[in-house]
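Inside the fold
These are the residues of each chain, in order.
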Amino acid sequence: MNDNIVVLTGGVGGAKLVDGLYRILPTGSLTAIVNTGDDFRHFGLPISPDLDTLLYTLSGKANVAQGWGREGESWTFMDAARSLGAEDWFNLGDGDLALHILRRAAFENGDTLSVVTSRFAAQWGVSLPILPMSDDAVETWVDSDEGPLSFQRYFVGRQCAPQVSAIRFRGAKQAKPAPGVVEAIEAASAIIIAPSNPWLSIDPILAIPQLREALTLRKVPLVAVSPLIEGKAVKGPTRKLMDELGIHPSNASIAEHYGDLLDGLLTHIGDDTPSYIYGAQTNTLMLTHEDRIRVARSSLELARKCKRG
Ligand code: FO1
């Protein structure tokens, strides 16, 4: 089949899979739908971490070791801001600032997040439609033993230390899928959920009613790449979060979480494979570009093999 792949993704881990797919699929046969629940305003600037991580990753600008921001970044702004008493829990690199300042200028110009994101992608030679899940504000919040925390306050400000009891997506019920999102899902030959945190990075996407409905009505396979390796997440709080939410840290829990959306699950070699779901295994650790390509190929193969359940 001529591929028309749609990938749902959050930040770091997801961006690596998208990059692997981007490297092996012909232009025009891949669309990324990206979580914007992590987005927030800082110093009055609109920050879109998962969109920016994807832009950096696909244009080869990403600081891979750090997992966010740019390679070779400088911090003159932060040093000057700190000297003026500014809060410094969330670091804005000098190059990174260009995205936030130009995004804010675009919004003041009446442009949507989708429009400004596609403009950035075109400027950086990224020939992949990078679609925000919505152009409406959706904010991920966690209920914790320190009270309600916005995502970045939890994730960066408190380094995921608070005990989480619930996760909410403010504005999701009213949010509309961004232009092209439902059309991409309806035109897809397969849908892949990237190995992002299901609860923090994929659920905000699934919380948008018309987006979820489009996925439920799909006629094509939907497969996910598990974010767990040997029961732990490669990076970030997935395992800790599962423990706090009382969810057993296994691929069975990942499959259960996606429920009837899932037709297939790609898991790490040697890890548990839920019996009731079509599965495949590979080394899902993505450290090199070859790794990204291997996991991308395995996810495409799984999608081709499993039928729409
Ligand atoms: N993560 C951190 O751990 N510390 C930071 O200071 C930080 C700044 C930052 C700035 C822009 C941006 O796009 C992302 C940034 N991140 C930082 C990462 C961010 O919190 C995560 O990428 C996502 O929100 C989680 O996927």
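These notes cover the structure that comes with them. Source: prediction; values computed, not measured.

**With respect to the overall build of the chain**
In terms of regular secondary structure, the chain is built from 12 helices and 14 strands. Here the C-alpha radius of gyration of the chain, 18 Å, is about what a compact globule of 309 residues would show, namely 19 Å. In terms of principal-axis extent, the alpha carbons of the chain reach across some 60 × 45 × 40 Å. A buried classification covers 56% of the 309 residues belonging to the chain. Looking at the chain alone, contacts between residues at least 24 apart form 69% of all its contacts between residues at least 6 apart. Only carbon and sulfur atoms are counted for the fraction: they give 54% of the accessible area of the chain, which is about 13000 Å². Separation between the mean location of the 29 positive side-chain charges and that of the 36 negative ones in the chain comes to 3 Å.

**Comments concerning the environment of I5**
Along the chain, I5 falls in strand 1 (residues 5-9). Not counting residues within four places of it along the chain, the set of residues in contact with I5 comprises L25, S29, L30, T31, S189, A190, I192 and L300.

**Digging into the sheet that holds strand 7 (residues 147-150)**
Strand order in the open sheet made by the 3 strands is 7-6-8, with antiparallel pairing throughout. Unpaired on one side and paired on the other, strand 7 and strand 8 (164-170) mark the two borders of the sheet. The average angle at which neighbouring strand axes cross in this sheet is 25 degrees, direction not considered. Pairing between strand 6 (residues 139-144) and strand 7: 4 bridges, direction antiparallel. Residue pairing for strand 7: S144 is matched across the bridge by G147. Packed onto the sheet, helix 8 (residues 198-206) meets strand 6 and strand 8 and runs at close to 25 degrees relative to strand 8.

**Description of the packing of aromatic side chains**
Aromatic ring pairs are reported here in terms of the distance separating the ring centres and the angle at which the planes meet. According to the stated counting rule, one finds 7 aromatic pairs in the structure shown. Ring-pair connections join several aromatic residues into one group, and the members of that group are F40, W89 and F90. The ring of W124 is capped by K61, whose NZ or CZ atom sits 4.3 Å from the centre of that ring. Lying over the aromatic face of W141, R170 brings its terminal NZ or CZ to 3.6 Å of the ring centre.

**Concerning the site of the ligand**
Neighbouring the ligand are the residues D38, P49, D50, W68, W89, F90, N91, D96, F151, Q152, F155 and V156. Residue N91 places a main-chain N or O atom 2.9 Å away from an oxygen atom belonging to the ligand. Burial of the ligand by the surrounding chains reaches 91%, relative to a free accessible area of 530 Å². Examining the composition of the shell around the ligand, we find that 4 residues originate from one element, helix 6 (residues 151-157), more than from any other. Among the residues forming the shell around the ligand, the class breakdown is 7 nonpolar, 2 polar and 3 charged.

**Regarding the sheet that holds strand 2 (residues 30-34)**
Taken in spatial order, the 7 strands of this open sheet run 5-2-1-9-10-13-14, and their pairing is parallel. Looking at which strands have only one partner, the edges of the open sheet turn out to be strand 5 (130-132) and strand 14 (278-282). Within the sheet, the average angular offset between the axes of one strand and its neighbour, ignoring direction, is 25 degrees. Those strands touched by helix 1 (residues 12-24) are strand 1, strand 2, strand 9 (190-193) and strand 10 (222-225), and its axis lies near 165 degrees from that of strand 1.

**Some thoughts on the nonpolar core**
Soluble globular proteins tend to bury their nonpolar side chains together. Grouped together as the largest cluster of nonpolar side chains are 46 residues, with contacts concentrated most on L8, I33, I185, I191, L211 and L215. With 5 residues, helix 8 is the largest single contributor of residues to this core. With residues up to four places along the chain from it excluded, the contact list for L211 reads I33, M133, P177, V181, I185 and I205. L17, L113, A296 and L302 belong to the second-largest nonpolar core, a separate cluster that totals 38 residues.

**Observations regarding the side chain of S250**
Mapping S250 onto the fold places it in the loop between helix 10 (238-244) and helix 11 (251-258). Ignoring any residue separated from it by four or fewer positions in sequence, one finds S250 in contact with L228, M242 and D272.

**Concerning unusual backbone geometry**
In this structure, F43 takes a positive phi of about 55 degrees despite not being glycine. Position of F43 among the secondary structure elements: in the loop between strand 3 (40-42) and strand 4 (45-47). Phi at C160 is positive, roughly 60 degrees, even though this residue is not glycine. Residue placement: C160 occurs in the loop between helix 6 and strand 8. Accessibility expressed as a relative area gives 10% for C160, which makes it buried.

**Examining the pairing of strand 1**
Judged by how many residues are buried, strand 1 sits mostly within the fold: 5 of 5 residues are covered. Side chains I5, V7 and T9 of strand 1 all project onto a buried face; the interleaved residues V6 and L8 project onto the opposite face, where all are buried too. Of the pairings in the sheet, the one linking strand 1 to strand 2 comprises 5 bridges and is parallel in character. Bridging across to strand 2, L8 finds its partner in I33. One crossover worth recording links strand 1 to the parallel strand 2 by way of helix 1, and it is right-handed. Taken together, the 4 bridges between strand 1 and strand 9 define a ladder with parallel strand orientation. In the sheet register, I5 faces strand 9, and the bridge partner there is A190.

What counts, and at which threshold
Residues numbered from 1 in each chain as written. Predicted model: local features only at pLDDT ≥ 70, side-chain atom pairs only at ≥ 80, totals over all residues. Heavy atoms only, no water. Helix = DSSP H or I, 4+ residues; strand = E, 2+ residues; numbered from the N terminus. Rg over C-alpha atoms; globule rule 2.2 N^0.38 Å. Buried < 20%, exposed > 50% of the residue type's maximum accessible area, 1.4 Å probe, protein only. Contact = heavy atoms within 4.5 Å. Areas by Shrake-Rupley, 256 points an atom, 1.4 Å probe, with all protein chains shown as cover. Lys, Arg positive; Asp, Glu negative; His and termini not counted. Charge placed at Lys NZ, Arg CZ, Asp CG, Glu CD. Pairing = 2+ DSSP bridges. Axes fitted to C-alpha atoms, helices over the stretch in contact; angles between N-to-C directions. Phe/Tyr/Trp six-rings, centres within 6.5 Å; stacked < 30°, edge-to-face > 60°. Lys NZ or Arg CZ within 6 Å of the ring centre and 35° of its normal. Near = heavy atom within 4 Å. Polar contact = N/O pair within 3.5 Å; in protein donor to acceptor, adjacent residues only side chain to side chain. Nonpolar A, V, L, I, M, F, W, Y, C, P; charged D, E, K, R; others polar. Core = buried A, V, L, I, M, F, W, Y, C linked by side-chain atoms within 4.5 Å. Right-handed = clockwise from strand over helix to strand, strands pointing away.

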